[in-house]
Amino acid sequence: MPRFDLPLADLENYRPAVAEPSDFDEFWEATISAARSVGDEVSVTPIETALSEIDAFDVTFPGFAGEPIRAWLLLPARRSGPLPAVVEFNGYGGGRGLPIERLGWAASGYAHLFMDTRGQGSAWGSGGATADPHGTGPSFSGFMTRGIEAPEHYYYRRVFTDAVRAVDAVRSLPEVDAARVAVCGGSQGGGISLAAAALSDDLVAVMSDVPFLCHFERAVGMTGQDPYQEIVRYLAVHRGAESNVFETLSYFDGVNFARRARTAGLFSVGLLDPICPPSTVYAAFNAFAGDDKEIVVYPFNEHEGGQAHQWTAQARFLAERV
């Protein structure tokens, strides 16, 4: 994959004018307030695994509209006192899978909550367990255009709300130090983590790896790959809907959430990434409001980014802050 985006020096100074609706804050304040008013019971059930040094739990917590969202909670078996916690969100199309698939955070002494993404979990990995009970209007196959005719119906309104409620849920657990909670994720999970960081109070850090869902207008016009191409194919059929579609997406743009996130932030970018173009990542990073922020650049990598190398960078970054 050849480099197709701006030179690195230009990326480092890339601050585009990303559309922001005038009622952005009111929209999200009302959405989160409504979700928090509908149930707060978190179910935590221990499960048997082959793991001897990590305890695993099947968690259900109330998300958007109080609807049940599944997650895995992993804790170090040998622990004393409340632990710092990491809430992690998944990439596009994946589910929570199996608890044995993600052991790094718990093995490093953290409480780790891995959220299932509603309606997803059948494209790759080991499957998901959370339904999305909401119907939508016409949409292209996938999730990017579900409910895109209006922000109150858009799919990611529900997902971002679930993410905030996941943070609420982990903070309610006696094993967790509520003052030391971070969020993270890669690709779609990176975009979700930016929303959670902006909409949750007093997080220790957000670690957003090759984030998706940022600078929609540039991404949709630049990359020829899914998931952004779902929006292209929708607009190719729904001629004349462009203005309305991008107005809806402006309520969910990671750049607008980054402007409101004031915690510590660690990003990563692959300069050959054809799925989340580097300029869309830098648009969010450069807008990020926190003073304590870093970005790790992988010059010869695509959307895989840093993989285990980036997790190691995240572990070091977070350890310095908890």
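For the structure, check the block above.
In short, a report on the structure. (Residues numbered from 1 in each chain as written. Predicted model: local features only at pLDDT ≥ 70, side-chain atom pairs only at ≥ 80, totals over all residues. Heavy atoms only, no water.)

1. Examining a negative patch on the surface
A cluster of acidic residues, Asp-23, Glu-26, Glu-29 and Glu-247, forms a negative patch at the surface. Within the secondary structure layout, Glu-29 lies in helix H2 (residues 24-36). (Patch = residues over 30% accessible without salt bridge, like charges linked within 9 Å, V, L, I, M, F, W, Y side chains within 5 Å. Areas by Shrake-Rupley, 256 points an atom, 1.4 Å probe, with all protein chains shown as cover. Salt bridge = Lys/Arg side-chain N within 4 Å of Asp/Glu carboxyl O. Lys, Arg positive; Asp, Glu negative; His and termini not counted. Charge placed at Lys NZ, Arg CZ, Asp CG, Glu CD. Helix = DSSP H or I, 4+ residues; strand = E, 2+ residues; numbered from the N terminus.)

2. Describing helix H10 (residues 278-287)
A large share of H10 lies buried, amounting to 9 of its 10 residues. Elements that come into contact with the buried residues of H10 comprise helix H1 (8-11), helix H5 (188-199), helix H6 (216-222), helix H9 (254-258), strand S8 (264-270) and strand S9 (293-298). (Buried < 20%, exposed > 50% of the residue type's maximum accessible area, 1.4 Å probe, protein only. Contact = heavy atoms within 4.5 Å.)

3. Considerations on the sheet that holds strand S7 (residues 205-209)
A sheet is described by the order of its strands in space; here 9 strands give the open sequence S1-S2-S3-S5-S4-S6-S7-S8-S9, paired in mixed fashion. Edge positions in the sheet fall to strand S1 (43-47) and S9, since each of these pairs with one other strand and no more. With strand direction ignored, the average angle separating the axes of adjacent strands in the sheet is 20°. (Pairing = 2+ DSSP bridges. Axes fitted to C-alpha atoms, helices over the stretch in contact; angles between N-to-C directions.)

4. Some thoughts on the nonpolar core
Across soluble globular proteins, you tend to see nonpolar side chains buried next to one another. Core analysis: the biggest nonpolar cluster contains 79 residues, and Met-144, Tyr-156 and Phe-160 have the highest contact counts within it. Top contributing element to this core by residue count: helix H4 (residues 155-171), with 10 residues. Dropping the residues within four chain positions of it, Tyr-156 is found in contact with Trp-28, Tyr-92, Gln-120, Phe-143, Met-144, Gln-188, Phe-212, Leu-213 and Phe-252. Among the nonpolar cores identified, the runner-up in size contains 13 residues, and Val-86, Ala-182, Ala-264 and Phe-317 belong to it. (Core = buried A, V, L, I, M, F, W, Y, C linked by side-chain atoms within 4.5 Å.)

5. Quick word on the packing of H2 against H4
Two elements in contact, H2 and H4, have axes whose closest approach is 10 Å; the angle formed by their N-to-C orientations is 60°. Between H2 and H4, the angle is such that the two are oblique. Where H2 crosses over H4, the two elements pack in a sense that is right-handed. Note on element contacts: H4 touches H2 through Tyr-156, Arg-157, Phe-160, Thr-161, Val-164, Arg-165 and Asp-168, opposite Phe-27, Trp-28, Thr-31, Ile-32, Ala-35 and Arg-36. Taken together, the residues that form the contact of H2 with H4 break down as 7 nonpolar, 2 polar and 4 charged. (Parallel < 35°, antiparallel > 145°, perpendicular 65-115°, else oblique. Left-handed = near helix turned anticlockwise from the far one by under 90°. Nonpolar A, V, L, I, M, F, W, Y, C, P; charged D, E, K, R; others polar.)

6. Details of the layout of surface pockets
Within this model, the largest pocket holds a volume of roughly 610 Å³. Of all the elements in the fold, those that place two or more residues in the lining of the largest pocket are strand S4 (83-89), helix H3 (104-107), strand S5 (111-115), strand S6 (176-186) and helix H11 (308-319). Among the elements that make up the lining of the largest pocket, the one with the highest residue count is H11 (4 residues). Split into classes, the residues belonging to the lining of the largest pocket amount to 10 nonpolar, 16 polar and 5 charged. In this structure, the second largest pocket encloses a volume near 200 Å³. What lines the second largest pocket is simply Phe-24, Asp-25, Trp-28, Glu-29, Ile-32, Ser-33, Arg-36, Ala-198, Leu-199, Asp-201, Phe-257 and Arg-260. Elements supplying a minimum of two residues to the lining of the second largest pocket: H2 and H5. The element contributing the most residues to the lining of the second largest pocket is H2, with 7 residues. Of the residues in the lining of the second largest pocket, the class split is 6 nonpolar, 1 polar and 5 charged. (1 Å grid on protein atoms, 1.4 Å probe; cavity = no way out; pocket = protein on both sides within 12 Å on 5 of 7 lines; lining within 4 Å. Points joined across faces, edges and corners; volume = space filled by probe spheres on them.)

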